[in-house]
Amino acid sequence: MGGVRVVQSRAATSPSLLPETVEVARWCARSGWPVHPLAAGRKTPAGNCPRCQQDRHDPADCDCKTAGRWCHGFHAATLEPALIESWWARGRGHGVGVACGLAGLVVIDIDAHAKPVPSRDRLLPGIAIGEGVVLDGLSNGFHTLALLAALRGAPDPALDESTLRVRTPSGGLHIWYLSDGQSWLSSAGSSNGRALAWQVDVRAGGGYIVAPGTVTDSGPYLPVGACRTPAPLPGWLGAELARTGHLPTTQPPQPAPGVPARAREAVIAAGGGAGQAARVLATVLAEVADCRLLPEGAAFSDKLNRASFTAGGLAAAGYLDTAGTEQLLLETALAARPGQVRRCEQIIRAGMSAGSRRPLHLGGRR
């Protein structure tokens, strides 16, 4: 491509389409995303120093970063302006990698490789695709991610204009999201072969992503659309990441109470003594609370959505107070999944809204 020309961006806070790579590194650091050099013209980390190449050791025990060197790929990622200036001054052809875990990012990595399409049972891990589902034309990760979204009744992330999306030289797409405090794991390099879908991987903890504006021998990584900031990870995608093994398997369940002890009393009081409604809600709340026993694979999102839908229907029928019940749902959800406030709120709001359109009338007197 010859020399890279600096092109002024229309927004001072976003990278230009083909900037000098040090400008990309500076922009990422200002965004709070630790960066490390990539080998010139490639999407792999720049090589270690000779000593680290000869003497294998734990990156945590390496003093290269303190000495101003960039060894061990994303383990060396930094926000320090002095190191960034030094590293990209010494390697002006270097691209920019972002350490996803340190940056609090989850990036959905869609490939569009020309490969034989696998059998139906391998398109979406853990999801059976019936013969009645027409798969004509399916050929890459864009299609499998769209299929997963359709099965979940959710928008296609590849079309999500609210978040940063980056087109790759091979025709793929990186969709950047904020992890919202959860320690997600990468698909790439995993020993258990986890993936979100066929030709759809995840870049998160234990991995890195190529920054937009980086140019390789295959071409540039170019942002798509106007958005240059990652949006929060959608709740349904978080549920799919958990289901497909993108949470640490060694993460122990957090000790937490079950359904709040005041649940039945609070629901009955809110509904004017609607004991039957309280029993119905307590049953679905118990399913949510039991998810605390498993850090993953408990279908937490589905159970919380079901409880919220039920609560919305009961509230619409006049049995429950909407605000009080929503708070009760949130307390129960956070007891099972501490720290996931935004995710739980999204599921609860969506579930109650859907339930409110179908009032749930119980038998007997109210």
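Structure first, text after, so check above.
Because the structure is a prediction, the values reported are computed rather than measured.

Right, let's get into helix H1 (residues 21–30). Extensive coverage of H1 is indicated by the burial of seven of its 10 residues. Looking only at H1, the buried set comprises Thr 21, Val 22, Val 24, Ala 25, Trp 27, Cys 28 and Ala 29. In this structure, the buried residues of H1 make contact with strand E1 (35–38), helix H3 (81–90) and strand E2 (95–99). The first or second residue beyond H1 is Gly 32, which carries a positive phi of 90 degrees.

Where charged atoms from two side chains of opposite charge come close, those side chains can pair. Counted according to the given criterion, the structure contains seven salt bridges. With its nearest N and O atoms 3.6 Å apart, the salt bridge here joins Arg 120 to Glu 131. One end of the pair, Arg 120, is in the loop between strand E3 (105–110) and helix H5 (141–151); the other, Glu 131, is in the loop between E3 and H5, and 11 residues separate them in sequence. Residue class for Glu 131 comes out exposed when judged on its relative accessible area of 66%. Its salt-bridge partner being Glu 240, residue Arg 243 comes within 2.6 Å of it at the nearest N-O pair. Taken together, the residues Arg 243 and Glu 240, both in helix H6 (residues 235–243) and three residues apart, mark about one turn of the helix. Under the relative-accessibility criterion, Arg 243 is labelled partly exposed at 30%.

Let us look at the pairing of E2. In terms of residue burial, E2 counts as a mostly covered element, since five of its five residues are buried. The alternating pattern of E2 places Gly 95, Gly 97 and Ala 99 on one face and Val 96 and Val 98 on the opposite face, and all of these are buried. Direction of pairing for E1 relative to E2: antiparallel, over a ladder of four bridges. Opposite His 36, over in E2, you have Gly 97 as the bridge partner.

Time to look at the packing of aromatic side chains. According to the stated counting rule, one finds three aromatic pairs in the structure shown. Geometrically, the ring pair formed by Trp 27 and Trp 33 is edge-to-face, given 5.2 Å between the ring centres and 90 degrees between the ring planes. What makes Trp 27 buried here is its relative accessible area of 2%. Measuring from ring centre to ring centre gives 6.4 Å for Trp 87 and Trp 88, while their planes differ by 45 degrees; the resulting arrangement is tilted.

Turning our attention to the side chain of Thr 144. Position of Thr 144 relative to the elements: it lies in helix H5. Note on Thr 144: relative accessible area 0%, which makes it buried. Of the polar contacts made by the side chain of Thr 144, one reaches the backbone oxygen of Gly 141; its length is 3.2 Å. Those residues in contact with Thr 144 that lie beyond four places of it in its chain are Leu 123, Leu 124, Leu 138, Ala 197, Trp 198 and Val 200.

The next subject is the environment of Asp 180. Relative to the assigned elements, Asp 180 resides in the loop between strand E5 (173–178) and strand E6 (200–203). Under the relative-accessibility criterion, Asp 180 is labelled partly exposed at 31%. Each C-alpha atom, one on Asp 180 and one on Gly 104, is 7.3 Å from the other, the two residues being 76 residues apart in sequence. Those residues in contact with Asp 180, other than ones at most four positions away along the chain, are Gly 339, Arg 342 and Arg 343.

What follows is about the side chain of Thr 78. Considering the arrangement of structural elements, one finds Thr 78 in the loop between helix H2 (50–54) and H3. Taking relative accessible area as the criterion, Thr 78 reaches 2% and is therefore assigned buried. Polar contacts involving the side chain of Thr 78 include one to the main-chain amide nitrogen of Glu 80, which spans 2.9 Å.

A general feature of soluble globular proteins is that nonpolar side chains tend to end up buried together. Judged by nonpolar contacts, the single largest core of 33 residues is most densely connected at Val 106, Ile 108, Ile 110, Ile 175, Trp 184 and Leu 196. Elements with a minimum of two residues in this core: E3, H5, E5, E6 and H6. Ranked by residues supplied to this core, first place goes to H5 with five residues. Listed in part, the 28 residues of the second largest apolar core include Val 22, Ala 25, Ile 84 and Val 210.

Looking now at the environment of Ala 336. Looking at the secondary structure, you find Ala 336 in helix H10 (residues 322–336). Put simply, Ala 336 and Ala 289 are 47 residues apart on the chain and 5.5 Å apart in space, counted from C-alpha to C-alpha. Excluding its chain neighbours within four sequence positions, the residues that come into contact with Ala 336 are Val 288, Ala 289, Cys 291, Arg 292 and Phe 300.

Read from one edge to the other, the open sheet built from three strands follows the order E1-E2-E7, with strand pairing classed as antiparallel. Of all the strands in the sheet, just E1 and strand E7 (208–210) have a single pairing partner and so form its edges. Each neighbouring strand pair of the sheet contributes to a mean axis angle of 35 degrees, computed without reference to strand direction. Contacts between H1 and the sheet are confined to E1 and E2, with E2 contributing the most and set at about 15 degrees to the helix.

What counts as what
- Residues numbered from 1 in each chain as written.
- Predicted model: local features only at pLDDT ≥ 70, side-chain atom pairs only at ≥ 80, totals over all residues.
- Heavy atoms only, no water.
- Buried < 20%, exposed > 50% of the residue type's maximum accessible area, 1.4 Å probe, protein only.
- Helix = DSSP H or I, 4+ residues; strand = E, 2+ residues; numbered from the N terminus.
- Contact = heavy atoms within 4.5 Å.
- Salt bridge = Lys/Arg side-chain N within 4 Å of Asp/Glu carboxyl O.
- Pairing = 2+ DSSP bridges.
- Phe/Tyr/Trp six-rings, centres within 6.5 Å; stacked < 30°, edge-to-face > 60°.
- Polar contact = N/O pair within 3.5 Å; in protein donor to acceptor, adjacent residues only side chain to side chain.
- Core = buried A, V, L, I, M, F, W, Y, C linked by side-chain atoms within 4.5 Å.
- Axes fitted to C-alpha atoms, helices over the stretch in contact; angles between N-to-C directions.

All quantities given are derived from atomic positions and should not be read as evidence of function.
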